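Residues per chain are reported as follows:
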Amino acid sequence: MTDTISSAANPLAKRVKLLAGRKHRRREGAFVVEGLQPVWSAVEAGWEVETLLVAPGLLTHQAALRMVEEQERAGVAVARLDAELFRRLVDRDGPSGIAAVLRSRDSGLDSLSARPGSVFVALDRIANPGNLGTIIRTADAVGGAGVILIGDTVDPYAPAAVKASMGSLFAVDVVHAPDAGEFFSWAEEQGVAVVATSGSADEDHWSAAYDPPLAFLLGSEREGLPEDLLARASRRVRIPMVGTVDSLNIGVAASIMLYEARRYGGNG
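It should be emphasised that the depicted structure is a prediction, and the values quoted were computed from it without experimental measurement. Per chain, residue numbering runs from 1 following the sequence as it is written. Thresholds applied to this predicted model are a pLDDT of at least 70 for local features of residues and 80 or more for the giving and counting of side-chain atom pairs; totals over whole chains, interfaces and linings are not thresholded and use all residues. Excluded from the side-chain calculations are hydrogens and water; all other atoms, namely the structure's heavy atoms, are used.

**Considering the nonpolar core**
Reasoning step 1: Counting residues in each nonpolar core, the largest one holds 50 residues, and the members touching the most others are Leu123, Val147 and Phe216.
Reasoning step 2: Helix and strand definitions here come from DSSP, where helices need a minimum of 4 consecutive H or I residues and strands a minimum of 2 consecutive E residues; each element is numbered from the N-terminal end. Of all the elements, helix α10 (residues 250–263) adds the most residues to this core, at six residues.
Reasoning step 3: Setting aside residues no more than four positions away along its own chain, Leu123 makes contact with Leu132, Ile135, Val147, Ile148, Leu149, Ile150, Leu218 and Ile250.
Reasoning step 4: Working definition of a nonpolar core: buried Ala, Val, Leu, Ile, Met, Phe, Trp, Tyr and Cys residues. They are joined through side-chain atoms within 4.5 Å. With a 1.4 Å probe rolled over the protein chains alone, any residue whose accessible area is under 20% of its type maximum counts as buried; one over 50% counts as exposed, and the rest are partly exposed. Among the nonpolar cores identified, the runner-up in size contains 23 residues, and Leu112, Ile150, Ala180 and Ala233 belong to it. We call two residues in contact whenever any of their non-hydrogen atoms come within 4.5 Å of each other.

**Brief notes about the environment of Arg105**
Reasoning step 1: Relative to the helices and strands, Arg105 is located in the loop between β4 (98–103) and β5 (119–124).
Reasoning step 2: Distance from Arg105 to Tyr157, taken between C-alpha atoms, is 9.5 Å for residues 52 residues apart in sequence.
Reasoning step 3: The contact partners of Arg105, leaving out residues within four places of it in the chain, are Ala45, Gly46, Trp47 and Tyr157.

**Quick word on the packing of helix α3 (residues 36–44) against helix α4 (residues 62–73)**
Reasoning step 1: Angles shown run from 0 to 180 degrees and are taken between the N-to-C directions of axes, each axis being a line fitted to C-alpha atoms and, for helices, limited to the stretch in contact. The geometry of α3 relative to α4 is characterised by a closest axis approach of 12 Å and an angle of 40 degrees between their N-to-C directions. One finds that α3 runs oblique with respect to α4. The crossing of α3 and α4 is left-handed. Together, Leu36, Val39, Trp40 and Val43 of α3 and Ala63, Ala64, Met67 and Gln71 of α4 make up the contact between the two elements.
Reasoning step 2: Broken down by class, the residue content of the contact of α3 with α4 amounts to seven nonpolar, one polar and no charged. Angular relationships are summarised with four words: roughly parallel below 35 degrees, roughly antiparallel beyond 145, roughly perpendicular across 65 to 115, and oblique for the angles in between. Note: crossing handedness is left-handed where the near helix turns anticlockwise from the far helix by less than a right angle, and right-handed where it turns clockwise. Three classes are used, and their members are as follows: Ala, Val, Leu, Ile, Met, Phe, Trp, Tyr, Cys and Pro are nonpolar, Asp, Glu, Lys and Arg are charged, and the others, Gly among them, are polar.

**So, a nonpolar patch on the surface**
Reasoning step 1: Residues qualify for a patch when their relative accessible area is over 30% and they have no salt bridge, like charges being joined within 9 Å and the nonpolar side chains of Val, Leu, Ile, Met, Phe, Trp and Tyr within 5 Å. Using the Shrake-Rupley algorithm and a 1.4 Å probe, accessible areas are obtained, with residue cover drawn only from the displayed protein chains. Salt bridge, as applied in this entry: a Lys or Arg side-chain nitrogen positioned within 4 Å of an Asp or Glu carboxyl oxygen. A grouping of Met241, Val245, Leu248 and Val252 is seen on the molecular surface, where their side chains present a nonpolar patch of about 300 Å² in accessible area.
Reasoning step 2: With respect to the helices, strands and loops of the structure, Val252 is situated in helix α10.
Reasoning step 3: According to the relative accessible area criterion, Val252 is partly exposed, its value standing at 40%.

As structure tokens, then:
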């Protein structure tokens, strides 16, 4: 067994801290996932594990300990940290004693294919990583076929996005389209109807009929969808609201639309 790492000056500890920044994640092609369920999900889904980070003083889950031993026997690097250092490196309440450095996946639209029942979520220039993680988790819950990030958008490997996805990041295809034009071209080639959400749309979301394959298109949290994207969509729907609010959190809006499509029988 290797020695327990206790110093924040250790090269691995420094790397874990640096991977909290997007620039370093892009440069290194790696990111950090924290917690028993997300790490387990990544391992089960076959993501490339660079290093498992384990705090023996915190990790007591017997099945998890066996998983770590199996991964180590299979050649995966396992670093053991003392509890104090682990708590300093891992931004999580009540750390479970396990985290991992994973290799990221840089996937584009060419990796995503539509089937007759496929339902996708396309997000134009969203900025909040927690919202993205929530949308990925909901897409997983309804059997969604993928999440498409359009343009200059949030990093799906940001710590808040990974945490909010609760492991669903490793079960749902998350791809990037450089611009809206590429997304609409892909949708046309795949026979995917684009349903845009807009507060000014005439059709309520619960009055619309959803015929997959389709993609729900939602805009940035602050500005929504620009007029040119709304014009290119197959149809436009709105989520009715009463009271004083004029918009919903994008994670909530995406969840409403995904479950509405699920009610109509759409799935991945």
